[in-house]
Amino acid sequence: MIGNGDDMEGNRLFKFPKPQWLNSANTRNAGVYLSGALFSIALFVMIDATVYSNGRLNGSDLHLNFVDWIPSIFSFLGMLVINSIDKTRLSGDTFAYSGDGVAWKAKVVLFMGFAAMAGGLAGGVTVMVLKYVTEGATGMSLWFGVANLLANALVMLSCVVLWVSQNMEDDYTYNLAL
Amino acid sequence: MAGLKTIIVLSFILAIGFLLVILSSALFKNYLTLLVVATYVIAPVPNWLCGKAQSQDDFMDSGSSSIVELGRFMTGFLVVMGIALPVVLAHCDQITIPAMAMSIVGGLLIYGTIISFTMFFREQEEF
């Protein structure tokens, strides 16, 4: 079973082999750090828009309030749900201990997480269009709306990076265990 | 003796980092940039705490590894926060642009010192 990775290489769909660095521990760690960095950028983009719009530099009548934060809150909750799920529970039929529809429950919770995240992104677009674009905002006022969209997209990207690095880790520990 | 030289160089870099951050706040009579120091000082703490939490558990336990990843996530978050905080403050006219540049460079020097110090001591423990 040591040659498990080689079997998977033989059954590969694509012409090019999977690069070796994709399965190394350093790549996983860098992915997790990168995910945290992306999440931090997302949060500070939102904070920048909020502080700027309520500071003295803002010349327009448009201000951020709690409504602008709702999509970001949903994105964050979705990310929390998606990454809290134990990924091994998703393939429930391969493990004897996960009976009683654990895989089904995991898929339902995961679906709710993805729905919250997609809803957050859609909400970001909604707030940008309804609150800023239709009001004819330009320059820094438009940035308030774009920041909303950008923050939600960055949270989604951060979630994707974290998910991919966690799955890489699963492969790694699997090869280590066998 | 090489270790002694490393310690001396690292302490000089740490002093330069603190000098830059303190200058960035004191020159402009605006002490918000000291938040950068606080951010970079607590940045390695999640990694350290989560590493301690892992070592008490079993080696092959999958739950412990996610705690370590949470620590890494929070460390990545805090490191970028140390750069993003002065940028946001400067963009919103709370601090000036030179103060922003000085505090970012000083903060990165401080964090680089902390990281190299940790790596240095980890290497010492292995032998």
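Residues numbered from 1 in each chain as written. Chains lettered and ligands numbered in written order. Predicted model: local features only at pLDDT ≥ 70, side-chain atom pairs only at ≥ 80, totals over all residues.

Defined as follows: UniProt positions are given in the numbering used here, feature names are shortened, and annotations may be inferred rather than shown by experiment.
Under an unreviewed UniProt entry, the name given to chain B is Vacuolar protein sorting 55, and the source organism is Zasmidium cellare. On record in UniProt, under Sequence similarities (unreviewed entry), the comment for chain B is "Belongs to the OB-RGRP/VPS55 family." Recorded in UniProt under Subcellular location (unreviewed entry), the annotation for chain B is "Membrane".

Per an unreviewed UniProt entry, the recorded name for chain A is Vacuolar protein sorting-associated protein 68, and the organism is Zasmidium cellare. Listed in UniProt under the heading Sequence similarities (unreviewed entry), the comment for chain A reads: "Belongs to the UPF0220 family." On record in UniProt, under Subcellular location (unreviewed entry), the comment for chain A is "Membrane".

### Observations regarding the overall build of chain A
Counted only if it meets this: Counting from the N terminus, the helices are DSSP H or I runs at least four residues long and the strands are E runs at least two residues long. Each residue is classed by its C-beta neighbour count within 10 Å, where at least 20 other C-beta atoms makes it buried, 12 or fewer makes it exposed, and intermediate counts make it partly exposed; the C-beta atoms are placed from backbone geometry. Contacts are defined on C-beta atoms placed from the backbone: any two residues whose C-beta positions lie within 7 Å are in contact.
The helix and strand inventory of chain A stands at 5 helices and 0 strands. Written out in order from the N terminus, the α and β elements of chain A read α-α-α-α-α. Counting every position in chain A, which comprises 178 residues, the buried fraction comes to 30%. Residue pairs in contact within chain A that sit at least 24 positions apart in sequence constitute 75% of those at least 6 positions apart.

### Some details on unusual backbone geometry
Residues and elements named next belong to chain B. Phi angles above zero are rare outside glycine, and K29 is one such case at about 55°. Following the sequence through the fold, K29 ends up in the loop between α1 (2–26) and α2 (34–42). Overall, K29 belongs to the exposed group, with 6 C-beta atoms counted inside 10 Å. Of note in this structure, D93 is not a glycine but carries a positive phi near 65°. For D93, the location among the structural elements is in the loop between α4 (62–91) and α5 (97–126).

### Description of the interface of chain B and chain A
Note the following rule: Charged residues are taken to be Asp, Glu, Lys and Arg, nonpolar residues to be Ala, Val, Leu, Ile, Met, Phe, Trp, Tyr, Cys and Pro, and polar residues to be all remaining types, Gly included.
Counting from both sides, the interface comprises 17 residues of chain B and, opposite them, 19 residues of chain A. When the residues that make up the side of chain B that touches chain A are grouped by side-chain class, the tally is 10 nonpolar, 4 polar and 3 charged.

### So, the UniProt feature "transmembrane region" (unreviewed entry) in chain B
What UniProt calls "transmembrane region" (unreviewed entry) maps, in this numbering, to residues 7–25, 31–49, 70–89 and 95–121 of chain B. Measuring from the first to the last C-alpha atom of residues 31–49 of chain B gives 29 Å, for a span that is 74% helix and 0% strand.

### Brief notes about the confidence of the model for chain B
For clarity, the threshold we go by: Values of pLDDT, ranging from 0 to 100, describe the predictor's confidence in every residue of the model.
Residues with a pLDDT of 70 or more make up 87% of chain B, whose mean pLDDT is 83. For this predicted complex, the interface confidence score (ipTM) comes to 0.83, while the overall pTM stands at 0.82.

### Describing the environment of V81(A)
All names here are of chain A. With respect to the helices and strands, the residue V81 is situated in helix α3 (residues 66–84). The exposure class assigned to V81 is partly exposed, which follows from the 19 C-beta atoms found within 10 Å. Here V81 is in contact with V109, M112, G113 and A116, once residues within four sequence places are set aside.

### Some words on the confidence of the model for chain A
Residue and element names in this part refer to chain A. Across chain A, pLDDT averages 81, with 80% of residues at or above 70. The spread of mean pLDDT over the elements of chain A runs between helix α1 (residues 4–10), the lowest at 47, and α3, the highest at 92. Below a pLDDT of 50 lies the segment residues 1–8, which in the model reaches 4 contacts outside its immediate sequence neighbourhood of four places, other chains included.

### Some words on the UniProt feature "transmembrane region" (unreviewed entry) in chain A
Following the UniProt record, the feature "transmembrane region" (unreviewed entry) maps to residues 30–52, 64–85, 108–130 and 142–164 of chain A here. Here residues 30–52 of chain A runs as 100% helix and 0% strand, with 32 Å between its end C-alpha atoms.

### What about the nonpolar core?
Condition: By definition, a nonpolar core groups buried Ala, Val, Leu, Ile, Met, Phe, Trp, Tyr and Cys residues that are joined through C-beta atoms within 7 Å.
I41(A), A42(A), V45(A), V155(A), V80(B) and A84(B) are the most contacted members of the largest nonpolar core, which has 57 residues in total. Elements with a contribution of two residues or more to this core: α2 (25–54), α3, α4 (102–133) and α5 (140–177) of chain A together with α1, α2, α4 and α5 of chain B. Here this core takes 13 residues from α4(B), the largest share from any one element. Among residues more than four places away in sequence, those in contact with I41(A) are L154(A), V80(B) and A84(B).

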